[in-house]
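Coordinate inspection notes
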Amino acid sequence: MSDTGELLFTPQLQSDAVAELVTVHDWLRFAVSKLNQADVYLGHGTDNPWDEAASLLAFVLHMPPFTDEKLYATRLTRAEREHYISLLQQRIEQRIPSAYLTQQAYFAGLTFYVDERVLVPRSPIAELISEKFIRQLHGKTPQHILDLCTGSGCIAIACAYAFDEAQVDAVDISPDALEVAQLNIEHHGLEHRVFPILSDGYTALTGMQYDLIVTNPPYVDADDMADLPDEYRHEPELGLASGVDGLALTRRILRDAAAHLTDDGVLVCEVGNSMVQLQQDFPDVGFDWLEFSHGGLGVFAISKTELERCQHLFNEASSKE
């Protein structure tokens, strides 16, 4: 808890706010001021205080996002005001990401249940899914997809929507994460096409091959882990940290990917800021670094052919671990 956060919500301030602030606009203005004053970190679904405040308020009011300014004059009941200021206080004083307070996150236009057993969905891979990986797959339709390090299951489920005849395996090392993924699979009615599998990487997938492997593995290096904003401390470290340089798991994924891809198969992998280290480690590998219209970096695609050509490099790097 920050010193600033401790000063923001005295019992008197909360009482006065609940008594005096009545409309949606009143509360949004108040919340934005408090979020700015506390200098909260925004990186779990919104990138500005107004949207952060609005997402919490929309949840309290059981309403869609406030896209119509006519809604700003809507009056809150006292119970709604008390609920909202309670969430706002937790967001600021405890630095809890809003998605954990609402237990709801959006990814690829879909809603997902989330709690502190999984990371909050925020990958730019959502844009690739909406485009059906058209450039990476060269227009081919995958029949068997692997979402490695599935977490909440958001990538697996979004892929199942994008490719409505595909089977998707949702793999994670965390039984807790797979419990959340199962909740989301059931919520979206995809039990017959999305299958959660407990596995450390590919270890439980012997002999299985996929037309597309999509993975957003842990990739935060040790230095960055030490400097993460408080909001990230609520997320499972298992989903963030990956060794000293952030690439411990990625090297394993690269080493074993070719064996789990069909002849025309493709691996799509996010490594975030660790892309610099990956390029330094493998300067002779033909990673296709992808660009995004809506922001994001550190995602590459690589074909089975290229993985096989560079297999000796991946084997050698893994032997040094």
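One can find the structure itself at the top, above this paragraph.
These notes cover the structure that comes with them. From a predicted model like this one, the values you see are computed outputs, not experimental measurements.

A few words now on the pattern of salt bridges. Scanning the entire structure with this criterion turns up 14 salt bridges. Linking R117 and E179 is a salt bridge whose minimum nitrogen-to-oxygen distance equals 2.8 Å. Within this pair, whereas R117 is found in the loop between β2 (110–112) and α7 (125–130), its partner E179 is found in helix α9 (residues 175–187), the two being separated by 62 residues in sequence. Its relative accessible area of 27% is what places R117 among the partly exposed residues. Here E235 and R122 are joined by a salt bridge, their closest N and O atoms 2.9 Å apart. With E235 in the loop between α10 (222–226) and α11 (248–257) and R122 in the loop between β2 and α7, the pair connects residues that are 113 residues apart, well separated along the chain.

This brings us to the layout of surface pockets. By volume, the second largest pocket is sized at about 360 Å³. What lines the second largest pocket is a set of 20 residues, and nearest its centre among them are Q136, L137, H138, D264 and V266. For the lining of the second largest pocket, the elements supplying multiple residues, two or more each, are β7 (261–270), β9 (299–303) and α13 (304–309). The biggest single contributor to the lining of the second largest pocket is β7, with 5 residues. Across the lining of the second largest pocket, the residue classes break down as 5 nonpolar, 8 polar and 7 charged.

Among the structural elements, Q143 can be located in the loop between α7 and β3 (144–148). Sequence separation between Q143 and F163 is 20 residues; the distance between their C-alpha atoms is 8.0 Å. Excluding residues within four positions of it along the chain, Q143 makes contact with E165, A166, Q167 and D211.

Three or more residues of helix α14 (residues 311–319) are buried, namely F314, A317 and S318. With its buried residues spanning 95 degrees around the axis, α14 presents them on a single face. Of the residues in α14, the exposed ones pointing more than 90 degrees away from the buried face are H312 and S319. Packing partners of the buried residues in α14 comprise α11 and α13.

To continue, consider the side chain of T23. Mapped onto the secondary structure, T23 falls in the loop between α2 (11–20) and α3 (24–38). Engagement of the side chain of T23 in a polar contact is seen with the backbone nitrogen of D26, the distance being 3.0 Å. Not counting the four nearest positions on each side in its chain, T23 is found in contact with Y72, A73, T74, R75 and L76.

Quick notes on the rules
- Residues numbered from 1 in each chain as written.
- Predicted model: local features only at pLDDT ≥ 70, side-chain atom pairs only at ≥ 80, totals over all residues.
- Heavy atoms only, no water.
- Salt bridge = Lys/Arg side-chain N within 4 Å of Asp/Glu carboxyl O.
- Helix = DSSP H or I, 4+ residues; strand = E, 2+ residues; numbered from the N terminus.
- Buried < 20%, exposed > 50% of the residue type's maximum accessible area, 1.4 Å probe, protein only.
- 1 Å grid on protein atoms, 1.4 Å probe; cavity = no way out; pocket = protein on both sides within 12 Å on 5 of 7 lines; lining within 4 Å.
- Points joined across faces, edges and corners; volume = space filled by probe spheres on them.
- Nonpolar A, V, L, I, M, F, W, Y, C, P; charged D, E, K, R; others polar.
- Contact = heavy atoms within 4.5 Å.
- Arc of directions from axis to C-beta.
- Polar contact = N/O pair within 3.5 Å; in protein donor to acceptor, adjacent residues only side chain to side chain.

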